[in-house]
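Listed below are the residues making up each chain.
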Amino acid sequence: MRKIPAELCVRCKGTKFLCGLSSCPITERFRAVVNATSRISLDKGVVDGSTPPSAVVGEKGYPRVSLSFNLAPGVVGDQARVYEDPVNWWGKATIYDIINYRSSLISNFSSIQVTDVWKLYERELSLAVVSERPVQSESKISGKLEAKLRFDGYVLPRGPSVKAEEIRVVENPKVPRMLEKLIQDDVKATEGVVSLYESGQDIYRIIDALSLGLLGTRKGRKLVPTRWAITAVDSIVGKELYDRVVSLPAINEVLVFYQGYLGNHFHVILYPSSYSISWVEIWHQMALWSNELVITDLQEDYWGNYDTLDGGYMAARTSVLEYLNSISRSAGVVIVREITKDYFAPLGNWHIRETVKRAFQNRIAKTSSLGEALDLVQSRLKEKRVNLREIRTIRKILSQRKIDEFFQ
């Protein structure tokens, strides 16, 4: 087996597992990269296989950006689906599984102007990315294969990359009927996103459709960097749901929900109040990006204004609003996300959206007050140094008084 260069391990410096994990994440990444690259013959100058489907539009150098078309080398048909399948990964795939899936994809990249939307459409590349099933493709490559991984807090990890001189779609993509209609229509991107969402379309396919320039007025379409498209879709869908929820009657009880996945633990409290959301993140010492205990928070008010634009919060917010819309109620909301050292590699924010969505399937308590609900969540935190009542946004909620109290 090839040795792992010591300098690759940022956290442990190649010595021992200071993080306390049973195996080294760097080793797992390296093994997966070697596994993927071993299936490629650079001498032939060709990578063939199916795209799950999967692609990433970069933002560096905008308006000339990189387009990475991801292929699973030597994998054909439905077997490729597992390499990018957030909805079906949830609760089944471990962090190691996901790293291995993503590391096994070859990222075939090329440079393109964001206005070249129709060139991609004519070659069916953009259609392959929004296909309902994996699409067999072939990439003519040149240059050196970069055997490394790219991690991001918004986007799924990307595997080894190589420059693509030409990418050819070998079989016909299967595009959802509603999306096919919108591609031919001349409507604003916002309307297209909402139409697809209301038709029950997978949110990840909507993100890809926006990113690959398949939505919007025909003359104004552009590629949208994937990171921007993720937050844009959450914002558009969230705004539509917010408009429905904000004027609904408030719930009349205090409910606590919980769900955990990939070293992330989410508690969601709903309490009788006009609409507002408090978002709290507790990063454990030695968790991703954190060498010490870190607590951050933000608040969204009744009018839909929030302190800062945070991609993780926007993903969670979408799932909260979906639930409130489904029960035809508004509420005050507190979301507490606890991130442990088991979350050692960024996997994108999809797991936040999916875990919060599933939290509403697991109600753990009904309490008599918001304070009691906060105390319950406090007792369940893994990091015992945190005092929820001292966090800025929660202090603010607890200090608020209802207007009718002044007339008693």
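Because the structure is predicted, anything quoted here is derived from the model rather than measured.

## With respect to unusual backbone geometry
Reasoning step 1: Omega for the bond connecting Pro-52 with Pro-53 falls within 30 degrees of zero, at 10 degrees, which places this linkage in the cis form.
Reasoning step 2: In this model, Glu-124 sits at a positive phi of 65 degrees, which is unusual for a non-glycine residue.
Reasoning step 3: Counting through the fold element by element, Glu-124 comes out in the loop between helix 4 (117–122) and helix 5 (125–129).
Reasoning step 4: Located in the positive-phi region is Leu-262, a residue other than glycine, with phi close to 55 degrees.
Reasoning step 5: Tracing the chain through its elements places Leu-262 in the loop between strand 7 (254–261) and strand 8 (264–271).
Reasoning step 6: On the basis of relative accessibility, which here comes to 11%, the residue Leu-262 falls in the buried class.

## Things to note about the nonpolar core
Reasoning step 1: Counting residues in hydrophobic clusters, the biggest one holds 74 residues, and the most contacted among them are Leu-270, Ile-335 and Trp-350.
Reasoning step 2: The contacts of Ile-335, once residues within four sequence positions are left out, are Phe-266, His-267, Val-268, Ile-277, Ser-278, Trp-279, Val-280, Ala-316 and Val-320.
Reasoning step 3: Grouped together as the second largest cluster of nonpolar side chains are 24 residues, Val-114, Val-117, Val-129 and Val-135 included.

## Focus on the pattern of salt bridges
Reasoning step 1: As enumerated under the stated definition, the model contains 23 salt bridges in all.
Reasoning step 2: A salt bridge links Arg-150 to Glu-146, with the shortest nitrogen-to-oxygen separation between them at 3.3 Å.
Reasoning step 3: A relative accessible area of 31% means that Glu-146 is categorised as partly exposed.
Reasoning step 4: Note that Lys-239 and Asp-243 form a salt bridge whose closest N and O atoms lie 2.8 Å from each other. A residue pair is termed a helical-turn pair when its members lie 3 or 4 positions apart in one helix, as Lys-239 and Asp-243 do in helix 9 (residues 226–245) at 4 residues.
Reasoning step 5: Accessibility expressed as a relative area gives 40% for Asp-243, which makes it partly exposed.
Reasoning step 6: One continuous salt-bridge network, built from bridges that share partners, spans Glu-59, Asp-152 and Arg-227.

## Description of helix 6 (residues 177–184)
Reasoning step 1: For helix 6, the full list of buried residues reads Leu-179, Leu-182 and Ile-183. Down the axis, helix 6 shows its buried residues gathered within 105 degrees of arc, on one side only. Summarising the geometry of helix 6, the exposed residues directed more than 90 degrees from the buried face are Arg-177 and Lys-181.
Reasoning step 2: Buried residues belonging to helix 6 abut helix 4, helix 5, helix 7 (189–198) and helix 8 (203–211).

## Digging into the pairing of strand 6 (residues 161–169)
Reasoning step 1: Strand direction decides the pairing type here: strand 4 (residues 106–113) and strand 6, joined by 3 bridges, are parallel. Bridge pairing links Asn-108 to Val-162 in strand 6.

## Points about the packing of helix 7 against helix 9
Reasoning step 1: Contact geometry for helix 7 and helix 9: axes closest at 10 Å, N-to-C directions at 70 degrees. Relative to helix 9, the element helix 7 is oriented roughly perpendicular. For the pair formed by helix 7 and helix 9, the contact residues are Thr-190, Val-193, Val-194, Tyr-197 and Glu-198 on the first element and Val-233, Ile-236, Val-237, Glu-240, Leu-241 and Arg-244 on the second.
Reasoning step 2: Here the residues of the contact of helix 7 with helix 9 sort into 7 nonpolar, 1 polar and 3 charged.

## Focus: the confidence of the model for the protein
Predicted coordinates in regions of low pLDDT should not be interpreted in detail.
Reasoning step 1: Of all residues in the protein, 87% attain a pLDDT of 70 or more, and the chain-wide mean is 89.
Reasoning step 2: Across residues 1–22, confidence stays below pLDDT 50; counting only partners more than four residues off in sequence or on other chains, it has 34 contacts.
Reasoning step 3: In the model, residues 403–408 has pLDDT below 50 throughout and makes 1 contact with residues more than four positions away in sequence or in other chains.

Analysis parameters
Residues numbered from 1 in each chain as written. Predicted model: local features only at pLDDT ≥ 70, side-chain atom pairs only at ≥ 80, totals over all residues. Heavy atoms only, no water. Helix = DSSP H or I, 4+ residues; strand = E, 2+ residues; numbered from the N terminus. Buried < 20%, exposed > 50% of the residue type's maximum accessible area, 1.4 Å probe, protein only. Core = buried A, V, L, I, M, F, W, Y, C linked by side-chain atoms within 4.5 Å. Contact = heavy atoms within 4.5 Å. Salt bridge = Lys/Arg side-chain N within 4 Å of Asp/Glu carboxyl O. Arc of directions from axis to C-beta. Pairing = 2+ DSSP bridges. Axes fitted to C-alpha atoms, helices over the stretch in contact; angles between N-to-C directions. Parallel < 35°, antiparallel > 145°, perpendicular 65-115°, else oblique. Nonpolar A, V, L, I, M, F, W, Y, C, P; charged D, E, K, R; others polar. pLDDT = per-residue confidence, 0-100.

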